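For reference, the chains in residue letters:
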Amino acid sequence: MLAVKILAVSDQIVDRIYSLATSEQFQDVEFILGCGDLPYTYLEYIVTVLNKPLYYVPGNHDPMYNPQDIRSRAEGCFNLDLRTMCHKKSLIGGFGGSIRYRPDGTNQYTQFEAYSRVVRMLPQLVGNRIRHGRALDILISHSPPFGIHDDTDRAHIGLKALNWLMRIAKPRYLLHGHTHFYRNNISQSDSEVGSTRVINVYPYKIIDLV
Ligand SMILES: [Zn+2]
């Protein structure tokens, strides 16, 4: 993976992005990553102004993806849910959704369902390892992994399948959203877990990936 500067966004519209997007600050951003729960019009605006590729995963407040319905996707952006792709030399993978906390919720999964979603990614991860010598450089998810930047309430428990995915794919970075709270006025948003740096991007971060 080459050293690249990226913009990551998640969960909350930031008015400043509307003004910053037209300024110099974001001009050397290589690509944009969306970690979910943002209006697709916002993603479309960012990609239009910056004119750089945007890869995203849906969150639990986003519509269920439906190829027949234009409102279920961000036009001009790449939905990376359960997919991997190679942007120049960077291998990026995506895992949308959160823990299931409502029976009828969209993009919500039980711990077991989340594991079965990781299984669906395995052929691509194996293919990357054969072709590129590694499975992933960057994993974007909506949910945090279990026990890392998550919480104990029903809606904000992390997905154990993401811990497993980190162990088998060994991405250098895992960028997520979904949790945005301050516990005892301390916000933990950047953690080293094995060989992976886990970053909560809420509401946006500019990151130099190395
Ligand atoms: Zn969420």
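Residues numbered from 1 in each chain as written. Predicted model: local features only at pLDDT ≥ 70, side-chain atom pairs only at ≥ 80, totals over all residues.

**Re the overall build of the chain**
Move 1: Secondary structure assignment for the chain yields four helices and 13 strands.
Move 2: The C-alpha radius of gyration of the chain comes to 16 Å, within 12% of the 17 Å expected for a compact globule of 210 residues.
Move 3: Expressed along its principal axes, the backbone C-alpha trace of the chain runs to roughly 45 × 45 × 40 Å.
Move 4: When burial is assessed residue by residue, the chain has 39% of its 210 residues classed as buried.
Move 5: Look at the contacts in the chain between residues 6 or more apart in sequence, and 67% of them connect residues 24 or more apart. (Helix = DSSP H or I, 4+ residues; strand = E, 2+ residues; numbered from the N terminus. Rg over C-alpha atoms; globule rule 2.2 N^0.38 Å. Buried ≥ 20, exposed ≤ 12 C-beta atoms within 10 Å, placed from the backbone. Contact = placed C-beta atoms within 7 Å.)

**Looking at the nonpolar core**
The tendency in soluble globular proteins is for nonpolar side chains to be buried side by side.
Move 1: Ranked by size, the top nonpolar core spans 46 residues in total, and within it A8, I32, L33, I140 and L175 carry the most contacts.
Move 2: Once you skip the residues sitting within four places of it in the chain, L175 turns out to touch A8, L33, C35, I138, I140, I199 and V201. (Core = buried A, V, L, I, M, F, W, Y, C linked by C-beta atoms within 7 Å.)

**Examining the environment of D150**
Move 1: Along the polypeptide, D150 turns up in the loop between β9 (138-141) and α4 (160-169).
Move 2: Considered as a pair, D150 and R102 are 48 residues apart in the sequence and their alpha carbons are 18 Å apart.
Move 3: Excluding residues that lie within four positions of it along the chain, D150 makes contacts with P144, H156, I157, G158 and T179.

**Looking at unusual backbone geometry**
Move 1: The omega torsion of the bond from Y202 to P203 falls at -15°, within 30 degrees of zero and hence cis.
Move 2: Residues other than glycine seldom take positive phi values, yet D11 does so here, at roughly 70°.
Move 3: According to the C-beta neighbour criterion, D11 is buried, with 23 such atoms within 10 Å.
Move 4: Unlike most non-glycine residues, H178 shows phi in positive territory, near 75°.
Move 5: Among the secondary structure elements, H178 is positioned in the loop between β10 (173-176) and β11 (190-193).

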